[in-house]
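Chain and residue survey
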Amino acid sequence: MNLSVSSFDDLSARVAAVRDEHRERFPGGADGRQPVHTVYVPADRFSRSTPADFGAEALRLLNTHTPGAGSFGAAFGLDPELAGPVRERVAAKLAREPIEDVRIDFEDGYGVRSDDEEDAHVTQVVEAVAAAYQVKGLPHYWGVRVKSFADGGHDRAMRTLDGFLTALRDRLGRLPGGFTITFPKVVAADHVALFVEYLDRLETALGLPSGILRFEVQVETTEAIFTPDGRIALPGIAAAAGGRLTAAHFGVFDYTAALGLPPEEQRLDHPACDFARHVMQVAFAGTGVRLSDGSSNVIPRNDGPDEVNATWQAHAAQVGHSLRHGFYQGWDLHPAHLPSRYAAVYAFHLTGADEVIGRVRAWHEQAAAGGVLDEPATIRALTDRLRRAVDCGALDESVLPAS
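Description of the structure in this document. Small disclaimer: the values here were computed from a predicted structure and weren't measured. Throughout, residues of each chain are indexed from 1 in the direction in which the sequence is written. Owing to the predicted nature of the model, reporting of local features is limited to residues with pLDDT of at least 70; listing and counting of side-chain atom pairs is limited to 80 or more, with chain, interface and lining totals taken over all residues. As a rule here, side-chain values come from all non-hydrogen atoms in the structure, and water together with hydrogens is ignored.

1. Description of the packing of helix α6 (residues 154-172) against helix α7 (residues 189-206)
Note the following rule: All axes are obtained by fitting lines to C-alpha atoms, using only the stretch in contact for helices, and the reported angles, taken between N-to-C directions, cover 0 to 180 degrees. Runs of H or I in DSSP of at least four residues are treated as helices and runs of E of at least two as strands, each being numbered from the N terminus. We call two directions roughly parallel when the angle between them is under 35 degrees, roughly antiparallel when it is over 145, roughly perpendicular when it lies between 65 and 115, and oblique otherwise. For a crossing to be left-handed, the near helix must be turned anticlockwise from the far one by less than a right angle; the clockwise case is right-handed. When checking whether two residues touch, look at their non-hydrogen atoms; a contact exists if any pair is within 4.5 Å. Ten residues, namely Ala, Val, Leu, Ile, Met, Phe, Trp, Tyr, Cys and Pro, are considered nonpolar, four, namely Asp, Glu, Lys and Arg, are considered charged, and the remaining ones, Gly among them, are considered polar.
Packing of α6 against α7 brings their axes to within 11 Å, and their N-to-C directions diverge by 25°. Considering their axes alone, α6 and α7 lie roughly parallel with respect to each other. Considering how the two elements wind past one another, α6 and α7 form a crossing that is right-handed. Along the contact surface, α6 presents Met158, Leu161, Asp162, Leu165, Thr166 and Arg169, while α7 presents Phe195, Tyr198, Leu199, Leu202, Ala205 and Leu206. Class assignment of the residues belonging to the contact of α6 with α7 gives a composition of nine nonpolar, one polar and two charged.

2. A word on the nonpolar core
Quick reminder of the rule: Remark: nonpolar core denotes a set of buried residues (Ala, Val, Leu, Ile, Met, Phe, Trp, Tyr, Cys) joined through side-chain atoms within 4.5 Å. With a 1.4 Å probe rolled over the protein chains alone, any residue whose accessible area is under 20% of its type maximum counts as buried; one over 50% counts as exposed, and the rest are partly exposed.
Among the nonpolar cores identified, the biggest contains 108 residues, and Leu161, Phe164, Phe179 and Phe215 are the most heavily contacted of them. With eight residues, the single largest contributor to this core is helix α12 (residues 337-350). Setting aside residues no more than four positions away along its own chain, Leu161 makes contact with Val144, Val146, Phe179, Ile181, Phe195, Tyr198, Leu199 and Leu202.

3. So, the environment of Arg301
This is how it is decided: Side-chain atoms alone can form a polar contact between residues adjacent in sequence; in general such a contact is a pair of N or O atoms within 3.5 Å, and within protein one must be able to donate a hydrogen while the other accepts it.
Within the secondary structure, Arg301 is located in the loop between β7 (290-292) and α11 (305-324). On the accessibility criterion, Arg301 (73% relative accessible area) is exposed. As a C-alpha pair, Arg301 and Tyr255 span 46 residues in sequence and 25 Å in three-dimensional space. Engagement of the side chain of Arg301 in a polar contact is seen with the side chain of Glu307, the distance being 2.6 Å.

4. Points about α6
The periodicity of an α-helix, 3.6 residues per turn, causes residues three or four places apart in sequence to face the same way. Heads up, the condition is: To estimate the expected span of a helix, count its residues, drop one, and scale the result by 1.5 Å. To obtain the arc, one takes the directions from the helix axis to the C-beta atoms.
Along its 19 residues, α6 runs 27 Å from first to last C-alpha, staying within 8% of the 27 Å computed at 1.5 Å per residue. Taken together, the buried positions of α6 are occupied by Arg156, Ala157, Thr160, Leu161, Phe164, Leu165, Leu168 and Leu172. Burial along α6 is one-sided: seen end-on, the buried residues are contained in an arc of 150°. Residues of α6 that are exposed and point more than 90 degrees away from the buried face comprise Asp155 and Asp170. Count one or two residues on from α6 and you reach Gly173, which has phi positive near 80°.

5. Here we look at the packing of helix α2 (residues 50-65) against helix α4 (residues 80-96)
The contact between α2 and α4 brings their axes to 8 Å, and the two run at 155°. Between α2 and α4, the interaxial angle falls into the category roughly antiparallel. Relative to α4, α2 is oriented so that their crossing is left-handed. For the pair formed by α2 and α4, the contact residues are Gly55, Ala58, Leu59, Leu62 and Asn63 on the first element and Arg87, Val90, Ala91, Leu94 and Ala95 on the second.

6. Remarks on the sheet that holds strand β4 (residues 179-183)
Condition: Only strands joined by at least two bridges in the DSSP assignment are considered to pair.
Spatially, the eight strands line up as an open sheet ordered β7-β6-β5-β4-β3-β2-β1-β8, and their pairing is parallel. Each end of this open sheet is capped by a strand with a single partner; those strands are β7 and β8 (330-332). Each strand of the sheet is rotated relative to its neighbour by a mean of 30°, with strand direction disregarded. Judged from the three bridges that link them, strand β6 (residues 245-250) and β7 form a sheet pairing that is parallel. Note on β7: the bridge partner recorded for Ala247 is Arg290. The strands touched by α7 are β4 and β5 (215-219); relative to β4, the strand with the most contacts, the crossing angle is about 145°.

7. Focus on unusual backbone geometry
Unusually for a residue other than glycine, Lys136 sits at a positive phi of about 60°. Turning to its location among the elements, Lys136 is positioned in the loop between α5 (115-134) and β3 (141-145). Under the relative-accessibility criterion, Lys136 is labelled exposed at 81%. Backbone geometry places Lys185, a non-glycine residue, at a positive phi of 50°. Positionally, Lys185 belongs in the loop between β4 and α7. Residue class for Lys185 comes out buried when judged on its relative accessible area of 12%.

8. Quick word on a nonpolar patch on the surface
Heads up, the condition is: A patch consists of residues exposed above 30% relative accessible area that lack any salt bridge, with like charges linked at up to 9 Å and nonpolar side chains (Val, Leu, Ile, Met, Phe, Trp, Tyr) linked at up to 5 Å. Accessible surface area values rest on a Shrake-Rupley calculation with a 1.4 Å probe, where residue burial reflects the displayed protein chains alone. For this analysis, a salt bridge means a side-chain nitrogen from Lys or Arg found within 4 Å of a carboxyl oxygen belonging to Asp or Glu.
The grouping of Met1, Leu3, Val5, Phe8 and Leu11 at the surface amounts to a nonpolar patch, some 600 Å² of accessible area in total. Here Leu3 lies in the segment before α1 (9-25). You can call Leu3 exposed: its relative accessible area is 58%.

9. With respect to the environment of Phe164
Relative to the elements of secondary structure, Phe164 occurs in helix α6. Considering only alpha carbons, one finds Phe164 and His364, 200 residues apart in sequence, at a separation of 49 Å. If sequence neighbours within four positions are ignored, Phe164 has contacts with Val122, Val125, Val126, Val129, Trp142, Val144 and Phe179.

10. Section: the packing of aromatic side chains
Cut-off, in case you're wondering: Two rings belonging to Phe, Tyr or Trp (six-membered ring only in the last case) form a pair when the distance between their centres is within 6.5 Å. Interplanar angles under 30 degrees mark stacking, angles over 60 mark edge-to-face geometry, and anything in between is tilted. Think of it as a cone above the ring: NZ of Lys or CZ of Arg counts as a charge over the ring if it is within 6 Å of the ring centre and within 35 degrees of the ring normal.
Taken as a whole, this structure holds 17 aromatic pairs when the rule is applied. Where Tyr342 meets Tyr346, the ring centres are 5.8 Å apart and the plane angle is 45°; that geometry is what we call tilted. Of this pair, Tyr342 and Tyr346 are both found in helix α12, four residues apart, which corresponds to roughly one turn of the helix. The exposure class assigned to Tyr346 is buried, which follows from its relative accessible area of 0%. Among the aromatic residues, ring-to-ring pairing joins Phe149, Phe183, Phe195, Tyr198 and Phe215 into one connected group. Lying over the aromatic face of Phe348, Arg385 brings its terminal NZ or CZ to 5.1 Å of the ring centre.

Okay, here's the thing in structure tokens:
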């Protein structure tokens, strides 16, 4: 072959260097299972039996208000063919693993207390967590939310986390797996950097492995979306976390209030929230930082069928909105949210599942499926969808391709 350039080795080396830097910054999706929700429980209400209690109450509501496939399908707007399989899976999930991720809340859901009172609740929570762990009653993922550095709660946040982890170490001799810290109301990357410095000191003092304390940030302020000079703030927040950041959770109500939306428009599916979530998706795509949507504030005021069904319909609609926008996790605040969470998630995964399975298998067999010739990126997305369905209990492991 005749070549006009004698050597481009130097260019090849520079191309490789750029590629390697990109791979370091964008390693791909996070490994392991992502929970479909995070259940927030105020610290003073958390007990050893809280996860089981939520499940029992959710199952009672399910059986009381939707005793069969017909009433279940009517409650959640499902086709008759889908209603039976979804209800069966939801009931099994509520009995087996009602909560996938729980966050013991020392922030907004808990409020401002005296130091003595919060210290006492830290001790109470440690005992509850230890007891739940010893009887295998702690959810797969769990953690605590501390107060924000943005509004003067920094001293209390650090005191609470130190007291909690120190007492838990003394009680159990170890930190149970699946632990996460929620760092709320981020307004500046510098606060994240200071929190990381605090975690470094805490790990050293407790004798914990470096980097074991990881956290998620809550994106619930306008400053977490854009910096004062108009740049997207989230990459700087992630960089300040120094490799400790596991997820970014959207905070619906603080964010919409900050925009000045009227109370009746402060809702998860408002277009203003879609904008913020889309910024989060672009900023964190391929970084390994998981995304979670926020919560619904609609809960039943009583046990009556009208109240419960209204809650389920509103909540399921918002969960469906999140799923269609690529947010596969959200917050739940009440036992009544569990049936509608799993109903919406399972219906989402089971709708069209046979087609998805067929396309993935056909691609692995190098055949066209239904006239669709899929790109590798599409197959990865379809396989990820099947993996999520398997992880949450919507589908059996056998649907996944062998490779």
